[in-house]
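# Overview (structure and organization)
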Amino acid sequence: MSDQELTWRGAVARWDRQLFDVVARRHWPGADRVLPRLGRAANHGVLWGGAALAIAACGPVGARKAAGRGIASLALASATINTVGKWSVRRARPVLEGVPVVRRLTRQPQTTSFPSGHSASAFAFAAGTAMESPALGALLAPVAASVAFSRVYTGVHYPSDVLAGAALGVAAGLVVRRLTRDAEDARIVPGDERAATGVPALPDGDGLTVVVNSGSGTASAAGLDVLRERLPKAELVTCEGSELAAELASAAERAAVLGVCGGDGTVNAAATAALRAGIPLAVFPGGTLNHFALDLGLAGVEDTCRAVAAGHAVHIGVGRFTPGPDPADTRAGYFLNNFSIGAYPQLLGQRLRWAPRIGGGPAALLAAWRVLRAEHPVRLRLAGQPRSVWLLFAGNGTYRGTGPAPRYRKSLGEGLLDVRLVLGGGRPGPRLLAAALAGPLSRSPVHVAIRLRSLRVGDIPPGTAFAYDGEYAQAPAALVLEELPDALAVYRPRL
């Protein structure tokens, strides 16, 4: 380290201590009762979790969305602090000499001082909320600032620790805003997929069998009423759980067109049945997220009814994963959205494990915390080369936006896999964050993005999980990922 750097760091340290001492010596009327309690209330994010619950319970839809962004920003800031911040600068806590005993915490923190996790969480929640609702952000800002100041007031942080934490929190809010903005850019308009010829037009639904997953996210009675009214002769079969695959296979054998009402996992199972039977697929959106339907350009059940009645469909590409080296293996599976190994399947598996016990939202946060604390990337052989990765993502068609696994596509007829790697090394939190900030199909020291027709994945460690279209399974020792161009005809209205 140069003499100039040592001089600069010494000046900052002196300024930090001087300002810390000024705060310690000054009497702040009423603060002795308020600030220590406010800081304790913010321990482990309890204050902000309570604020989010209150906003969600009492506020309109926009306020609930703002609270959700605030919690997402807090989770990102907390994960970054615990995986990067606390280990990047080993700074001792301030000496409490001069801090009045009445202000001091009963139990002093044992972690390093830089940066302030309380400040990061406070400003992350306030900034994330403000990005969606400036009015709520304005109400939360003074509380966040008070929590941050309380850390200096009680003697557990230097002022620069608090400033760095606050800056990190605001940055987390900006990152969440960028990622969610990318997701919201997804269009509900037809893309440039090639029109399918020869598919049957079924004006009254005769020849259409629709399998309805009654356990899916938002498969509503209103949507099914529209289907019955527009296509009165269509056969409707309701099932859920373990019955789904058998019902879809049976329906595909007897129908001219296989229909499905459910979410992305249900649509994946229906596409598999339609591909094996060689018949067109009609997707009636009925899930929680409906990524495939939105990317195809289907806003709801009405759109699909209109397309089936008129006989309008398009060809789409389908991703296939095959265990072992033989592409003709009958155990092949398909993905309409994406396939992944690494951080996301681990997160999905943890969330599925904990959701029945503690609920979906808390389970997602717990899963993220556990995955971001993971110590080892997955070691694979990709296209014959050994690789260490935190995440291998393969999209059915090119995904738009930023990050290692962006959320939407402009076309399902491209005929290429969108392969993205978050390379191993370091810890998963900073690696995934750096990849999230990388531009679309860009290259960075940690993020690789390429388009391929196929990819061989070998030497997969035993017990490694993979995910496809929201489903979760254990990976075999080797896989072949490939894109099947124009493999499936799916109904969609014309422009």
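With that settled, consider the environment of Ala-92. Tracing the sequence through the fold places Ala-92 in the loop between α4 (61-88) and α5 (117-132). What makes Ala-92 exposed here is its relative accessible area of 58%. Ala-92 sits 65 residues away from His-157 along the chain, and the two C-alpha atoms are 9.3 Å apart. Ignoring sequence-local partners within four residues, the contact set of Ala-92 consists of Ser-113 and Tyr-158.

Looking at the secondary structure, you find Arg-451 in strand β13 (residues 447-452). With a relative accessible area of 39%, Arg-451 lands in the partly exposed category. With 36 residues separating them along the chain, Arg-451 and Gly-415 place their C-alpha atoms 9.8 Å apart. Looking at Arg-451, its side chain comes within polar contact range of the side chain of Thr-398, at 2.8 Å.

Moving on to the nonpolar core. The biggest cluster of nonpolar side chains holds 29 residues, and the ones touching the most others in it are Leu-258, Leu-281, Phe-292 and Ile-316. The element best represented in this core is helix α10 (residues 264-277), accounting for 5 residues. Not counting the four nearest positions on each side in its chain, Phe-292 is found in contact with Asp-264, Val-267, Val-283, Ile-316, Leu-336, Asn-337, Arg-409, Leu-412 and Val-490. Listed in part, the 23 residues of the second largest apolar core include Val-378, Leu-380, Leu-417 and Val-419.

Under the criterion given, the structure shown has 13 salt bridges. The closest approach of N and O atoms between Asp-225 and Arg-228, which form a salt bridge, is 3.4 Å. Of this pair, Asp-225 and Arg-228 both sit in helix α8 (residues 221-230), 3 residues apart, which is roughly one turn of that helix. Look at Asp-225 and you get partly exposed, because its relative accessible area is 44%. With a closest N to O distance of 3.1 Å, Arg-420 and Asp-418 form a salt bridge. The burial state of Arg-420 is the same as that of Asp-418; both residues are buried.

Bridge analysis of strand β15 (residues 465-468) against strand β16 (residues 471-474) gives 4 bridges, and the strand direction is antiparallel. Across the sheet, the residue bridging to Ala-465 is Gln-474, located in β16. Joining the antiparallel neighbours β15 and β16 is a turn of 2 residues, in which Asp-469 adopts a positive phi near 50 degrees.

Positive phi, normally seen in glycine, also occurs at Ala-383, with a value near 50 degrees. Here Ala-383 shows up in the loop between β8 (378-382) and β9 (385-396). The class of Ala-383 is exposed, set by a relative accessible area of 56%. Despite not being glycine, Asp-469 has its phi angle at roughly 50 degrees, a positive value. With respect to the helices and strands, Asp-469 occurs in the loop between β15 and β16.

So, on to α5. Helix length check: α5, at 16 residues, gives a terminal C-alpha distance of 23 Å against a target of 22 Å (1.5 Å per residue), a fit within 8%. Within α5 the residues assigned to the buried category are His-118, Ser-119, Ala-120, Ser-121, Ala-122, Ala-124, Phe-125, Ala-126, Ala-127, Gly-128 and Thr-129.

What follows deals with the confidence of the model for the protein. On average, residues of the protein score 82 in pLDDT, and 79% of them are at 70 or above. Element-level pLDDT for the protein is lowest in helix α15 (residues 428-437), with a mean of 58, against a maximum mean of 96 in strand β17 (residues 479-491).

In the structure shown here, the tally under the stated rule is 10 aromatic pairs. Seen from their ring centres, Phe-149 and Tyr-153 are 6.1 Å apart, and the 40 degrees between their planes marks the pair as tilted. Of this pair, Phe-149 and Tyr-153 both sit in helix α6 (residues 134-153), 4 residues apart, which is roughly one turn of that helix. Relative to Phe-339, the ring of Phe-335 has its centre 6.0 Å away and its plane inclined at 40 degrees; by these criteria the two rings are tilted. Residue Phe-335 is classed as buried on the basis of its relative accessible area, which comes to 0%. The buried category is assigned to Phe-339, whose relative accessible area is 0%. One aromatic cluster in this structure is built from Phe-321, Phe-335, Phe-339, Phe-466 and Tyr-468.

In a regular helix each residue adds 1.5 Å, so 14 residues correspond to 20 Å; α10 covers 20 Å between its end C-alpha atoms and thus fits that length. Most of α10 sits inside the fold, with 10 of its 14 residues counted as buried. Following α10 by one or two positions, Gly-278 adopts a phi angle in the positive range, close to 70 degrees.

Quick look at the packing of helix α2 (residues 31-41) against α6 now. Running from N to C, α2 and α6 point in directions that differ by 100 degrees, and their axes come no closer than 8 Å. Viewed along their axes, α2 and α6 adopt a mutual orientation that is roughly perpendicular. Along its contact with α2, which presents Ala-31, Asp-32, Leu-35, Pro-36, Leu-38 and Gly-39, the element α6 presents Val-143, Ser-146, Val-147, Phe-149, Ser-150 and Tyr-153. Its residues placed into classes, the contact of α2 with α6 shows 8 nonpolar, 3 polar and 1 charged.

Cut-offs used in this document
- For every chain, the first residue of the written sequence is number 1, and numbering continues from 1 along that sequence.
- Thresholds applied to this predicted model are a pLDDT of at least 70 for local features of residues and 80 or more for the giving and counting of side-chain atom pairs; totals over whole chains, interfaces and linings are not thresholded and use all residues.
- To get the side-chain values, all heavy atoms of the structure are used, and hydrogens and water are removed first.
- In this description a helix means any DSSP run of H or I spanning at least four residues, a strand means any run of E spanning at least two, and both kinds are numbered starting from the N terminus.
- Here's how the labels work: a residue is buried when its accessible area is under 20% of the maximum for its type, exposed when over 50%, partly exposed in between, all with a 1.4 Å probe on protein chains only.
- Contacts were defined at the residue level, with two residues in contact if any of their heavy atoms lie within 4.5 Å.
- N or O atoms within 3.5 Å of each other form a polar contact, as long as, within protein, one can give a hydrogen and the other can take it, and as long as residues adjacent in sequence are counted only when both atoms are side-chain atoms.
- Throughout, nonpolar core names a set of buried Ala, Val, Leu, Ile, Met, Phe, Trp, Tyr and Cys residues whose side chains join them through atoms within 4.5 Å.
- One speaks of a salt bridge when a side-chain nitrogen belonging to Lys or Arg is within 4 Å of a carboxyl oxygen belonging to Asp or Glu.
- A pair of strands is labelled paired if DSSP reports no fewer than 2 bridges between them.
- The length a helix should cover is 1.5 Å for every residue beyond the first.
- For every residue, the predictor reports its confidence as pLDDT, a number between 0 and 100.
- Two rings belonging to Phe, Tyr or Trp (six-membered ring only in the last case) form a pair when the distance between their centres is within 6.5 Å. Interplanar angles under 30 degrees mark stacking, angles over 60 mark edge-to-face geometry, and anything in between is tilted.
- Axis geometry follows a simple rule: fit a line to the C-alpha atoms, using only the stretch in contact for helices, then measure angles between N-to-C directions, giving values from 0 to 180 degrees.
- Convention used here: angles under 35 degrees read as roughly parallel, angles over 145 as roughly antiparallel, angles from 65 to 115 as roughly perpendicular, and any remaining angle as oblique.
- Three categories are distinguished: nonpolar for Ala, Val, Leu, Ile, Met, Phe, Trp, Tyr, Cys and Pro, charged for Asp, Glu, Lys and Arg, and polar for the others, with Gly belonging to the last.

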